[in-house]
Amino acid sequence: MKGLILCAGKGTRMRPITYSLPKQLIPVANKPVIHYAFEAFAGVGIKELGIVVSDNRGDIEPLLGDGADRGMKFTYIDQPETKGIAHAVLCAEDFVGDDTFLLYLGDNLLQKGLTGLVDAYGRGGQDAAIMLKEVPEPQHFGVAEVKGPQIVSIEEKPRKPKSNLAVIGVYIFNPKVFKAAKSIEPSARGELEITDTISQLIRMGCEVTHHIVDGWWKDTGRKSDMIEANRAILDDVKGEIRGRVDEASSLAGEIVVARGARVVRSRISGPVVIARGAEIVDSYVGPYTSIDTNVIIENSEIENSIVMNSTTISGVSARIESSLIGSNVVIEKSKGRPRVVDMVVGDRCRLALP
Ligand code: G1P
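Since we're looking at a predicted model, the values are computed, not measured. (Residues numbered from 1 in each chain as written. Predicted model: local features only at pLDDT ≥ 70, side-chain atom pairs only at ≥ 80, totals over all residues. Heavy atoms only, no water.)

Draft legend 1. Geometry of the site of the ligand. Surveying the vicinity of the ligand reveals the residues Ile85, Leu105, Phe141, Gly142, Glu156, Lys157, Val167, Ile168, Arg189, Glu193, Thr195 and Asp219. Note that an oxygen atom of the ligand is positioned 2.9 Å from one of the backbone N or O atoms of Gly142. A distance of 2.5 Å separates an oxygen atom of the ligand from a polar atom in the backbone of Val167. For the ligand, whose free accessible area comes to 380 Å², the fraction covered by protein is 79%. Tallied by class, the residues present in the shell around the ligand amount to five nonpolar, two polar and five charged. (Near = heavy atom within 4 Å. Polar contact = N/O pair within 3.5 Å; in protein donor to acceptor, adjacent residues only side chain to side chain. Areas by Shrake-Rupley, 256 points an atom, 1.4 Å probe, with all protein chains shown as cover. Nonpolar A, V, L, I, M, F, W, Y, C, P; charged D, E, K, R; others polar.)

Draft legend 2. View of the sheet that holds strand 18 (residues 262-264). Taken together, six strands build an open sheet; the order of strands is 15-18-21-24-27-30 and the sheet is parallel. On the outer flanks of this sheet lie strand 15 (244-245) and strand 30 (330-332), each paired with one strand and no other. Sheet topology places strand 27 (residues 312-314) next to strand 30; three bridges connect them, and they run parallel. Across the sheet, Ser314 pairs through a bridge with Glu332, a residue of strand 30. (Pairing = 2+ DSSP bridges. Helix = DSSP H or I, 4+ residues; strand = E, 2+ residues; numbered from the N terminus.)

Draft legend 3. Representation of the sheet that holds strand 20 (residues 272-274) in the model. Read from one edge to the other, the open sheet built from six strands follows the order 14-17-20-23-26-29, with strand pairing classed as parallel. Pairing within the sheet leaves two strands with one partner each, and these edge strands are strand 14 (240-241) and strand 29 (324-325). Alignment of strand 14 against strand 17 (residues 255-257), held across two bridges, turns out to be parallel. In the sheet register, Ile241 faces strand 17, and the bridge partner there is Val257.

Draft legend 4. Just unusual backbone geometry, in detail. Looking along the chain, the bond that leaves Gly270 and enters Pro271 is cis, with omega of 5°. One can find Pro271 in the loop between strand 19 (267-269) and strand 20. Omega for the bond connecting Arg337 with Pro338 falls within 30 degrees of zero, at -5°, which places this linkage in the cis form. Of note, Pro338 is situated in the segment after strand 30.

Quick look at the structure:
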């Protein structure tokens, strides 16, 4: 079985971060979000991965490489226009060939990985297997109607959902999917929908089975999703102190202080991860915070946040909360009088000041 990850989306909902970093590379617990997908594929023995990209290829390919460093083989596939998930699948037809493949929307995060879906598919005879999740507001997703192990109907964002089972963006198909995708028309939003493709498979008499996700599932399209995903990952983190923590500091809960990181006269309340080269001085770092490499936090308080590499936060009097802070940012107390807010703020930033 091959893998296919869709990464053509531009991450417009994550601007300004995505002006300089593809959204798949935004760190969650100090690791790019797409690395969790690679680990999930590795967990089910899939080593050959097609990565569907758009004009973001120049940013993504150099950062992800050819996969050799993790024993995988990455093939980059161009989707010149983002015209839907089924369109992306058609772009990958040559890559897939006669194989079955596991399709994965690049901004998904799954606590329990892909084994459940691969097992459901492996139970025999099916042409497709779709991962589903019970959600409170299914009308925002593709929605499946199931009968025993089979999916009997599927609709894209229906006004009156037939169940609360959302299609979450992880699927297994055999090559019959290409015939189905070629025989559908674009939807009202101008996309070739994967849900319409699955309906077409069902009409063709194909067997479509499902697996209902156990454990959490996160879609990381928006800042609030990123913060939540960070919380979910940090909930499972095991503490490990390899860096230097001085005696005047106090630590409680699960905390990772990487080798080469330093905590001085500070209070850290886990779960928190602090990457190498980071320095926390005279500060408070509260639960669910990820501090990436070479970040400096001094005389400040922060919690439930992601701080990307090489950023400095210094002397900020308000506690920073639920924030996603990019790399090489400086947030500091203004010096001198009058006390003013003095900023260089790029396009589409959002600042909430006390
Ligand atoms: C897409 C699919 C939808 C699925 C969702 C999962 O929707 O079309 O069936 O439920 O991903 O995130 P989109 O995010 O393109 O609106």
